[in-house]
Structure formats: structure tokens, C-alpha cells
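Descriptive structure summary
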Amino acid sequence: MEESSSGLPDSSSTLDVPPPLMAVKDARELLEESEEGSGAPQKDDDSLLNPTSQSSILGDPSSLDLASEAGRSKSSGLCFSDGKCRIDYVLVYKKSSQQSEKRDVFERNVRAEGLHMEKESSITNSDVIFVKLHAPWEVLCRYAEIMNIRMPFRRKFYYLHRRYRFMTRLEKKMSKFRGWLPRKPMKFDDTLPDLEENESFTAPFSRQRIHHFIIHNKDTFFNNATRTRIVYHILQRVKYEEGKNKIGLNRLLSNNSYEAAFPLHEGSYRSKNSIRTHGADNQRHLLYECWAWWGVWYKYQPLDLIRRYFGEKIGLYFAWLGWYTGMLFPAAIVGLMVFLYGVFTLEHCQVSKEVCQANDIIMCPLCDQYCPYMKLSDSCIYAKVTHLFDNGATVFFAVFMAVWATVFLEFWKRRRAVLAYDWDLVDWEEEEEDIRPQFEAKYSKKERMNPISGKPEPHQAFTDKYSRLIVSASGIFFMILVVIVAVFGIVVYRVVTVSTFAAFDWALIRNNSQVATTGTAVFINFCIIMLLNVLYEKVALTLTNLEQPRTESEWENSFTLKMFLFQFVNLNSSTFYIAFFLGRFTGRPGAYIRLINRWKLEECHPSGCLIDLFMQMGIIMVLKQTWNNFMELGYPLVQNWWTQRRLRREFGQKAMDAFPQWEKDYNLQPMNTYGLFDEYLEMILQFGFTTIFVAAFPLAPLLALLNNIIEIRLDAFKFVTQWRRPLPSQAKDIGIWYGILEGIGILSVISNAFVIAITSDFIPRLVYAYKYGPCAGQGRAGERCMMGYVNASLSVFRVADFESKSQPRTNGSELFGEPVRYCRYRDYREDPNSEEPYSYTLQFWHVLAARLAFIIVFEHMVFTIKNLIAYLIPDLPKDLRDRMRREKYLIQEIMYEAELERLQKEKNEKKKNNKVHHNEWP
């Protein structure tokens with residue numbers, strides 16, 4: 001759910017400038033102005049502290065008007081005290097910190113790089129000092145060239161092929177017709193200001209070719225996100241101590257030299273004036289009104305505004321989340337139709353009718369001693385509920401979801417390619433990453449030459465690296481064993497509790513002992529999942545640090561893979577047990593397989609095991625998503641509310657409104673330690689729930705869709721209002737998460753094949769209809785062909801053959817008027833009076849062979865379809881490929897013409913000077 005990039009183009013052309021040749025300033029003039037701005041003498045640390053701190057103003061309640069006036073003079077806390085130098089980054093430290101020497105050296109080196117610096121005491125805490133940084137024009141130009149930042153140099157004009165001209169004329173005629181139709185409610189109002197920009201060709205910035213770029217105003221040529229990235233790049237490469245490893249802001253944050261470091265939000269996200277009449281006060285206000293406000297939940301996301309404010313990495317996350325949410329619409333509609341098909345065909349289902357009318361069929365007890373005999377008709381409600389999601393449309397829906405997962409991933413590649421083009425990320429490559437400080441400290445004594453840079457760098461020996469990987473893999477295996485032990489504990493709980501509930505005093509629980517057992521087991525499982533998640537995070541962090549990854553991206557990928565593996569196994573282990581193991585290895589009445597030779601393993605309900613799987617997925621999915629949404633928004637809301645309450649009681653609301661922006665942002669919550677990891681992990685786990693067991697829970701896509709509509713606005717509200725502004729960073733894709741999504745897509749095909757073949761009754765019903773039912777040999781299968789299926793799927797057991805441990809305490813006479821001699825159970829076995837009592841019948845082997853054949857055929861068919869679709873859908877749209885080739889050609893032509901124009905201008909000036917000089921010669 002995002003707005004197309006054509007509606008919100010690149011932020012590089014936000015300026016209203018005339019045509020390029022008229023808008024370009026002279027390069028010398030700009031550089032002279034920048035040199036004048038950066039030529040100010042450097043101040044020492046004491047002189048950097050702003051003497052007109054607002055703490056003295058706010059200390060006197062009668063001086064609030066002066067405080068607000070001072071705030072206005074400083075542009076709401078976004079500039080230095082002179083009101084001209086914009087704050088690009090803020091560092092925060094405490095005067096009581098013991099790392100003052102490192103900090104002083106670091107700040108002197110920062111000023112030596114050309115950054116302007118100003119310090120100011122905190123209003124709310126005299127021990128806190130804010131260090132405000134500003135990058136002047138010359139520094140921005142120098143580092144923009146070093147970082148190869150792409151900047152606009154010419155407005156885009158699109159080449160239109162002849163065969164498209166007829167379509168253009170047709171579209172113009174159709175536009176008149178569309179004017180009579182209601183406009184799309186999900187699009188933004190065209191009259192809303194600040195939403196439209198002009199696209200421009202971009203090229204890596206160069207000071208030698210500065211005259212080629214569109215520079216209407218040097219203060220706004222580099223947008224705020226770009227300025228922040230440049231300052232952060234400088235801060236990460238400044239030394240704070242003598243020595244090659246004593247470098248970078250991150251290390252000063254880790255050793256508490258600085259308390260925090262963040263870019264500023266661009267003012268308040270609220271305004272007294274309407275955005276439609278007065279426009280947006282700032283980019284943050286515009287994002288809130290167009291994205292984070294709950295009133296626009298049905299609108300497309302303004303992806304270009306998100307990218308312009310938060311950077312490409314966060315923009316790609318919301319683009320992926322919006323694309324995933326949009327693709328859930330067809331899946332949710334088809335899943336709902338499958339469920340409604342079960343509802344509408346419920347009255348015509350022959351199996352449900354037979355179950356509900358089976359008053360004379362007595363079922364064997366489901367547990368030892370305490371469980372009574374029961375009529376099969378008592379399972380009427382469960383049989384009807386099972387039919388809602390286990391019907392003829394289930395197989396189609398499983399195939400559809402497998403194909404849907406492939407289509408989703410393939411079309412996301414195309415969508416990502418379009419975004420990469422619109423956001424100038426096609427030619428962007430990650431610069432060589434710095435080595436992690438922990439890696440340098442560990443292996444600083446062992447060095448080798450870097451084959452790329454030719455410089456010596458710390459080296460990890462082969463034996464050391466792989467021995468650490470082996471220990472890490474052993475830790476992962478151990479934690480998976482912990483999950484298996486937890487699942488085993490849940491199994492023991494289910495086995496023990498079903499007898500306890502069967503002997504309960506309350507008739508409601510006693511009569512529904514199996515449902516009560518399943519419900520409580522799922523709730524306990526959810527609590528265990530949440531507790532183990534905390535443990536897994538610490539274990540994954542320890543194992544990842546033990547591996548000693550070389551760079552931050554390697555560390556992030558390793559940590560991501562471990563956390564996903566832990567949480568995926570933790571969340572789905574019980575679901576796999578219910579889907580593929582519950583009721584499969586229990587034995588039969590009179591010869592039950594027991595746990596520790598004591599407890600009888602749990603059996604499925606007479607209506608099948610699928611209802612247990614349905615309850616497991618429904619409860620876990622709803623509880624997990626509700627908990628995640630509460631923690632995502634609830635925790636920062638409570639933290640910020642408590643901070644605001646404390647400040648309001650101490651200073652008053654008017655004083656708080658006069659706080660500068662750095663003070664307000666410091667009181668917000670920082671972004672998660674692992675960045676977007678938690679956001680991605682939540683959605684990837686949901687994607688697994690939506691696809692892996694969707695055959696047992698067709699409403700999963702609908703629940704995921706409803707959750708994601710809320711999730712988008714929750715995340716937007718959190719980023720805009722509750723968190724400090726994160727560092728704008730670039731990225732070309734979603735990283736390792738795409739590979740994880742592909743792995744889940746493959747696993748979903750296998751799991752759904754097993755769910756349909758083993759867990760559901762689809763295959764037994766199909767075998768009965770074609771081989772043993774009334775229509776056997778006729779080549780057709782309908783509801784009439786299922787007559788007698790329930791009786792054929794139940795075997796007979798003689799009560800006298802019960803084990804002493806399993807013998808019921810009642811003989812059933814109180815329910816049926818006479819002692820029960822025979823009871824029925826779900827299986828395909830011979831009668832007790834046959835030559836081989838309780839042995840498997842021929843129908844059992846037919847069903848088993850059909851199940852295995854279905855798994856093989858289903859997997860090969862679906863994988864063939866998936867691979868065919870992946871092959872037929874190109875990763876790059878054809879029109880985009882043509883545009884990229886055309887644009888590359890045009891850029892070369894434009895640069896060539898501009899260079900010729902410059903040379904011609906220099907030649908003419910040279911001739912003119914020579915002519916004047918000749919006239920002056922005597």
C-alpha cells in the first residue's frame with residue numbers, strides 16, 4: 001500500500017528553479033562564499049558553550065515570553081544561536097563523565113575537519129551538554145565528492161516511442177471521461193501542497209563540474225538527510241586518541257564518552273493551521289498529516305516523502321511492508337471465499353450429516369480411566385467447524401498460496417527495481433565497510449594486506465574462524481534442543497491434563513475436556529514462546545560476538561539468521577507437532593503407546609486433528625500480533641508520557657513548548673538497538689504463519705491483512721512522533737530477509753502438501769469415493785458418493801480387550817442403558833473376531849499409498865508452477881529497462897554538450913582578452 005513513485009518523485013528536485021542553464025550559479029562565486037563561511041577562527045571548548053542558555057530563562061516563570069521569543073529567533077531550535085547555521089547533528093554528553101580527554105581530542109579533530117560546533121547546557125538537567133554540529137558548504141561539497149553522492153543537474157524529459165503516441169492520445173480522451181467518475185480515495189488530494197516534485201537527472205557530485213548542477217540555493221541544495229549522512233561519515237572517521245584503532249563516534253558511544261547522538265526532527269509534527277490552507281510547517285508535519293495520522297489509514301504511503309526524511313533503508317522497509325500488505329488482498333479474498341464455501345456447503349456435507357446423525361455409534365474413551373464413552377453425534381459441532389476449512393476448496397487454496405508467495409517475491413523484485421531507479425540507487429554500491437572495533441582489538445597483532453586497498457588490516461586465522469563457527473553452530477543446536485524440550489513439556493501437559501479435565505467437577509469442562517486441554521496448552525505455549533524469546537536474544541548476541549564477524553554487515557546478517565532461526569523454531573515447533581505428530585503414534589485401544597510407560601499419548605478428536613491445528617494457529621497468531629502491536633507502540637508511549645509528565649510538573653506546559661528542538665528530541669525514545677530488525681522479524685514470522693500452514697487456517701491471510709493495515713500506521717506514528725529521528729542511510733534492497741522469504745516459500749509447499757495429505761481427511765475421503773463408496777469404479781466423486789464414509793473410517797474394539805490402565809471407571813450403562821461391549825475408534829483395522837484381530841486393512845494401505853502419491857505429485861506440480869512463474873516474470877520491467885538505457889545515453893550527451901559549451905566560452909574569453917591586449921600594444 002504505497003503511492004507510486006511517479007506521483008512523488010525524487011527529492012532531489014524539490015526546489016522551484018528555472019531551467020538549468022538559468023539556474024546554475026557560477027562555481028567560483030559559490031566556492032568563495034563557502035570559504036568565507038568556513039574561514040572563521042576555531043573556538044576553544046569553553047567559548048563554544050552558548051552563554052545565552054535558556055535554562056536561566058526558564059528558571060523564572062515570568063520570563064516565558066522571553067523564552068518563546070528566543071526560541072523563535074533560533075528557528076525553533078533548528079539552528080545555532082546566530083539563527084543562520086542549521087544544526088545537522090547533535091551529540092550529548094554529561095559533564096560528570098570520566099572520558100573528557102577523549103571527548104576533547106575528538107571535538108578538536110571534528111573542528112579540524114571543517115565542521116562548526118556550538119555547545120549548550122540542557123534546560124532540564126544541568127549535567128547534560130548538547131554539542132550542535134553544522135557542516136558548511138565547502139565541507140559538504142568536499143565530502144559529497146568523496147562519497148559519490150548523486151545530485152541533480154538537469155530536469156528529466158522522457159522520450160516517447162512512436163507506438164506509444166496513439167496510447168497517449170487515447171489516454172487524453174479517457175481522462176475527460178475519468179473526470180466524471182469518482183476519484184480514487186486511496187490517492188492523496190492533488191491540491192495538497194509539498195507533495196509534488198520535479199524529477200531530475202542526477203550524477204555523482206564533482207567540484208570541478210559544479211557548474212553542471214542545479215544550484216538555486218546552496219543552503220537547500222543538499223537536503224537534510226544528505227547533510228546528516230555527510231556529518232555522520234565524518235564523525236565515524238575522526239580520531240579521539242593516538243593510535244590507528246582509536247577512531248569513530250560509535251566507540252565513544254560504547255564507552256559512554258557520549259550519551260547519545262542523533263539528527264534533529266524538523267520541528268513539531270502538529271500545527272495550529274490547516275495543512276490544506278497554509279501548507280506544511282515542515283517535513284515532519286507533512287509526514288504526520290499524510291502518513292502517520294490515523295485518519296489516512298486507507299491512503300497510499302508517500303514513499304518519496306519517507307525516503308526524503310528517513311533515508312532509503314527505512315523507505316525500502318515501508319515500501320516492502322506496503323507491497324506485502326497490498327499483495328495480501330487477493331490472498332485474503334480467496335481465503336475468505338474458501339471459508340465461505342465451507343459455510344454455504346455445510347448443510348450439504350454428507351460427512352457432517354453422518355456424524356451428527358450417528359446416535360448409535362459409541363466412541364472409545366479418549367483418555368485413561370476418567371474419560372467416559374461418548375456418542376459420535378456429540379462431535380457434531382466439531383465436525384461442522386472442521387468442514388469450514390477442510391473442504392473441497394482446501395487443495396486449491398494451498399496451491400494458490402504457494403503460487404501467491406512466488407508471485408509476491410517476483411513482483412517485489414520488479415517493484416524494488418523501480419524504487420532503486422527512482423531513488424538513484426541503481427549504480428549505488430556500498431562503500432567498503434570499516435572493520436568492527438571488537439575485531440580489530442582481538443586480531444590487531446595479526447595483520448595482512450587488504451587486496452583492495454593495499455593497506456594492512458587485522459586478520460583472523462582460518463582455524464580460529466571455523467572453530468568459532470563450530471562452537472556457534474553447537475550453541476544453535478543446543479538451543480533448538482531446548483525448544484524440543486519445551487515442546488515435550490507441552491506434550492506431557494496435554495497428556496496429563498486431559499484426564500484431569502475429564503474428571504473435573506464442572507460439566508462444561510468435563511464434557512469438553514479435549515478442547516479445554518488444547519486451549520490451555522496453546523496459552524501456556526504462548527507464554528513459553530515469549531519467555532524463550534528473551535533468552536534467545538541474549539544467546540544469539542553471545543554466539544554472534546563469539547564468531548567475531550569482520551564488519552557490521554556480517555555481524556548483522558549472522559545475528560539476523562540466528563534470531564530468525566530461534567524464533568521460527570520457537571514459534572512453530574508446537575504447530576508442527578500438532579500438524580504431523582499428534583494422534584499419529586498413539587497405538588490403538590488395548591495396545592496404546594505410552595510415555596515413560598505411564599501416560600497414554602494424546603489422541604485426535606473424533607472429528608480429526610485439523611481442528612487442533614486450527615485452534616493452535618488462530619490463538620498464537622492473534623495473541624502474538626496483539627502483543628507485538630502493544631509493545632511496539634505501548635512501550636514508547638508510556639515512556640514518553642512519563643517523561644512529559646515529569647517535565648510538565650517541574651517546568652509547566654508553556655515552558656515545555658518553548659524547549660528547543662534538541663531538548664525535545666533528547667526526551668524521545670531512541671530507535672531499537674538493532675534498527676529495523678524487530679520490524680522485519682515480526683513481518684517475516686507472520687509471512688511464515690500465513691503460508692506454511694495456510695491449508696489448515698484459510699483465514700490467516702485475512703488476519704495478517706488486518707494486522708498490517710494497523711501495523712503500517714503504528715510504525716509510522718512511532719517513527720514520526722515517538723522516536724528520535726534515526727540516521728538516514730542508504731540500501732538497495734531488504735538484505736538477507738529476501739533469502740529467508742524464499743526459504744519460507746519453499747517450506748510452505750512441503751508443509752501444505754503434508755497437511756493436506758496427512759492431517760486433513762481429504763485423501764481418505766477421495767480414496768473412499770473412488771474405491772469403496774457407492775460410486776466406486778464410476779470415475780466421479782460427489783456428496784452422494786460419500787455415503788457410509790464415517791462408518792468405513794471407524795474400526796471396532798472389544799471393551800474386554802482394554803488394558804487395566806485404560807479400563808474406564810464406568811461401563812457406560814448410565815448413558816446407554818446397558819454396559820458397552822464394543823466401541824469405535826478412528827483407524828483402518830480388522831474386527832476383533834477376525835483371523836488377524838486389529839491388523840491393518842487393505843483400505844489403510846490404499847490410503848497410505850494415496851497420501852504418499854499426493855505429496856509427490858503436489859510438490860512437483862507446485863514447484864514446477866513456481867519455477868515457471870519465476871522464469872516468466874523478468875526482474876526488471878521492460879519499460880524501465882528502456883528508460884534506464886535512454887537516460888544513460890541522454891546523460892552522456894548532456895555532459896558532453898555542457899563541457900563543449902564551457903570550452904567554447906573559455907575560448908571566446910581567451911580571444912577577447914588577446915584582442916584587448918593587442919590593441920594596447922604600442
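The structure we're discussing is the one just above.
So, here is what we can say about the structure in this document. Keep in mind the model is a prediction, meaning the values are calculated, not measured.

Let us look at the pattern of salt bridges. Two side chains with opposite charge may pair up if their charged atoms get near one another. Summed over the entire model, instances satisfying the criterion amount to 20 salt bridges. Lys413 serves as the salt-bridge partner of Asp875, at 3.9 Å between the closest nitrogen and oxygen. Of the two residues, Asp875 sits in the loop between α33 (842-872) and α34 (878-920) while Lys413 sits in helix α18 (residues 394-422), which places them 462 residues apart along the sequence. Residues participating in the shared-partner salt-bridge network are Glu138, Arg142, Glu145 and Arg207.

This next bit is on empty space enclosed by the protein. With the rule as written, the count across this model stands at six cavities of 30 Å³ or more. Here the largest cavity defines a volume of roughly 110 Å³. Of all the secondary-structure elements, those providing two or more residues to the lining of the largest cavity are α24 (610-651) and α27 (677-692). Across the lining of the largest cavity, the residue classes tally to six nonpolar, four polar and two charged. By volume, the second largest cavity amounts to about 80 Å³. Along its surface, the second largest cavity is lined by Leu78, Arg86, Ile87, Asp88, Asn224, Thr228, Pro263, Leu264, His265, Glu266 and Arg725. Across the lining of the second largest cavity, the residue classes tally to four nonpolar, three polar and four charged.

Quick look at the sheet that holds strand β3 (residues 128-134) now. On the basis of which strands lie adjacent, the open sheet formed by four strands has the order β2-β3-β1-β6 and antiparallel pairing. Single-partner strands in this sheet number two, and they are β2 (116-121) and β6 (260-262). With strand direction ignored, the average angle separating the axes of adjacent strands in the sheet is 20°. Pairing of strand β1 (residues 89-94) with β3, which is carried by six bridges, proceeds in the antiparallel orientation. Across the sheet, residue Leu91 finds its bridge partner in β3, namely Val131. Set on the sheet, helix α10 (residues 224-235) makes contact with β1 and β3; between it and β1 the angle comes to about 45°.

Turning to its location among the elements, Glu679 is positioned in helix α27. Owing to a relative accessible area of 1%, Glu679 belongs among the buried residues under this scheme. For the pair Glu679 and Glu632, spaced 47 residues apart in the sequence, the C-alpha separation amounts to 9.1 Å. Ignoring anything within four residues of it in the chain, the contact list for Glu679 reads Tyr317, Glu632, Asn672, Glu711, Asp715, Lys718 and Trp723. Side-chain polar atoms of Glu679 contact the side chain of Lys718, separated by 3.1 Å.

Joining two cysteines, a disulfide is a covalent bond between their sulfur atoms. One pass over the full model with this rule turns up three disulfides. The residue that forms a disulfide with Cys364 is Cys823, at a sulfur-sulfur distance of 1.9 Å. Measuring handedness by torsion sign, the sulfur bridge of Cys364 and Cys823 sits at about 85° and is right-handed. In this pair, Cys364 is assigned in the loop between β7 (362-363) and β8 (374-375) and Cys823 in strand β16 (residues 822-826), connecting sequence segments 459 residues apart.

Procedures and definitions
- Residues numbered from 1 in each chain as written.
- Predicted model: local features only at pLDDT ≥ 70, side-chain atom pairs only at ≥ 80, totals over all residues.
- Heavy atoms only, no water.
- Salt bridge = Lys/Arg side-chain N within 4 Å of Asp/Glu carboxyl O.
- Helix = DSSP H or I, 4+ residues; strand = E, 2+ residues; numbered from the N terminus.
- 1 Å grid on protein atoms, 1.4 Å probe; cavity = no way out; pocket = protein on both sides within 12 Å on 5 of 7 lines; lining within 4 Å.
- Points joined across faces, edges and corners; volume = space filled by probe spheres on them.
- Nonpolar A, V, L, I, M, F, W, Y, C, P; charged D, E, K, R; others polar.
- Pairing = 2+ DSSP bridges.
- Axes fitted to C-alpha atoms, helices over the stretch in contact; angles between N-to-C directions.
- Contact = heavy atoms within 4.5 Å.
- Buried < 20%, exposed > 50% of the residue type's maximum accessible area, 1.4 Å probe, protein only.
- Polar contact = N/O pair within 3.5 Å; in protein donor to acceptor, adjacent residues only side chain to side chain.
- Disulfide = S-S within 2.5 Å.

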